[in-house]
Amino acid sequence: MLSHIKRYAPIGISLFAAVVFLDSLRFKFTDHPNTQEIFGRLDGWAGTLGAAGLFGHTGLFSQYVIGSAELLASTLLLVGLLPRFTRLNALGALIGFAVMSGAVSFHLFTPLGIDPNNDGGGLFAAAVTIWFSAIALLIIRRAELMGLVRDLARAFVPTSNPAAAPLRAPAHA
């Protein structure tokens with residue numbers, strides 16, 4: 001039984017999170033009135049802190065930027081279900097965690113509140129659910145995530161091991 005859970009839980013969590021992310025895109029990418037209300041309220045709040053436009057249509061955290069991050073996360077979550085690409089699943093979970101950490105934080109710590117659309121807090125509940133789903137997937141995929149970090153470190157951090165340095169032609173004096 002436990003082996004079935006270990007095998008299928010990442011699939012179920014990934015599918016669930018990807019579907020929620022993809023469903024939200026119809027609101028973000030079509031400039032839905034609820035999306036305008038949420039990002040408008042956040043932009044007004046940011047303006048009081050001297051960062052007007054941060055959540056506006058062309059802002060660093062606009063609905064289009066957040067929607068694109070959700071699209072990337074859902075793509076990685078789905079592609080990462082293929083056995084050869086499980087590291088991408090972990091990366092999708094990490095991006096999803098980052099996006100949902102922002103969403104949950106903005107609901108809790110800004111004037112946005114937990115019920116900005118008068119839907120009984122459904123949007124906030126979805127954000128929290130996906131946030132916990134991403135955490136669970138990160139725990140499940142921790143080995144793949146560490147492997148990805150090691151590969152990135154090898155690619156971008158120079159090594160001080162002379163045996164690992166590439167061969168170079170001798171310098172001529």
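Just so it is clear, the structure is predicted and the values come from calculations on it, not from any experiment. (Residues numbered from 1 in each chain as written. Predicted model: local features only at pLDDT ≥ 70, side-chain atom pairs only at ≥ 80, totals over all residues. Heavy atoms only, no water.)

(A) Main features of the overall build of the protein chain. The secondary structure content of the protein chain amounts to 6 helices and 0 strands. Going from the N terminus to the C terminus, the protein chain shows its helices and strands as α-α-α-α-α-α. On C-alpha atoms alone, the protein chain measures out to a radius of gyration of 21 Å, which is more than a quarter above the 16 Å that the 2.2 N^0.38 rule sets for 173 residues. Principal-axis analysis of the C-alpha atoms gives the protein chain an extent of 70 × 55 × 25 Å. (Helix = DSSP H or I, 4+ residues; strand = E, 2+ residues; numbered from the N terminus. Rg over C-alpha atoms; globule rule 2.2 N^0.38 Å.)

(B) Geometry of the packing of aromatic side chains. On inspection of all chains with the given rule, the structure shows 5 aromatic pairs. Seen from their ring centres, Trp45 and Phe106 are 6.1 Å apart, and the 75° between their planes marks the pair as edge-to-face. Placement of the pair is Trp45 in helix 2 (residues 33-48) and Phe106 in helix 4 (residues 86-109), with a sequence separation of 61 residues. Assessed through its relative accessible area of 25%, Trp45 is described here as partly exposed. Through a chain of ring-to-ring contacts, three or more aromatic side chains come together here, namely Trp45, Phe55, Phe61 and Phe106. (Phe/Tyr/Trp six-rings, centres within 6.5 Å; stacked < 30°, edge-to-face > 60°. Buried < 20%, exposed > 50% of the residue type's maximum accessible area, 1.4 Å probe, protein only.)

(C) Quick look at helix 3 (residues 63-79). Its 17 residues place the ends of helix 3 24 Å apart at the C-alpha level, agreeing with the 24 Å of an ideal helix rising 1.5 Å per residue. Residues of helix 3 that are buried: Gln63, Gly67, Glu70, Ala73, Ser74, Leu76 and Leu77. Looking at the buried residues of helix 3, the elements they touch are helix 1 (2-28), helix 2, helix 4 and helix 5 (122-140). (Expected span 1.5 Å × (residues − 1). Contact = heavy atoms within 4.5 Å.)

(D) Examining unusual backbone geometry more closely. One non-glycine residue, Asp31, lies in the positive phi region at around 60°. Note on placement: Asp31 falls in the loop between helix 1 and helix 2. Here the phi dihedral of Asn118 falls at roughly 55°; this positive angle occurs in a residue that is not glycine. Among the structural elements, Asn118 can be located in the loop between helix 4 and helix 5. The class for Asn118 is exposed, based on a relative accessible area of 70%.

(E) Looking closely at the packing of helix 3 against helix 4. Here helix 3 crosses helix 4 at 150°, and the two axes come no closer than 7 Å. As summarised for this structure, helix 3 and helix 4 are arranged roughly antiparallel, according to the angle between their axes. When the axes of helix 3 and helix 4 are compared, the crossing they make is left-handed. The segment helix 3 lies against helix 4, with Ile66, Ala69, Glu70, Leu72, Ala73, Leu76, Leu77 and Val79 engaging Leu88, Asn89, Leu91, Gly92, Ala93, Ile95, Gly96, Val99 and Met100. For the contact of helix 3 with helix 4, a count of residues per class yields 13 nonpolar, 3 polar and 1 charged. (Axes fitted to C-alpha atoms, helices over the stretch in contact; angles between N-to-C directions. Parallel < 35°, antiparallel > 145°, perpendicular 65-115°, else oblique. Left-handed = near helix turned anticlockwise from the far one by under 90°. Nonpolar A, V, L, I, M, F, W, Y, C, P; charged D, E, K, R; others polar.)

(F) Here's a closer look at the packing of helix 4 against helix 5. It is at 8 Å that the axes of helix 4 and helix 5 come closest, and there the two elements cross at 145°. In this structure, the crossing between helix 4 and helix 5 has a hand that is left-handed. Across the interface between the two elements, Asn89, Ala90, Ala93, Leu94, Gly96, Phe97, Met100, Ser101, Ala103, Val104, His107 and Leu108 from helix 4 touch Leu123, Phe124, Ala127, Val128, Ile130, Trp131, Ala134, Ile135, Leu137 and Leu138 from helix 5. Among the residues forming the contact of helix 4 with helix 5, the class breakdown is 18 nonpolar, 4 polar and no charged.

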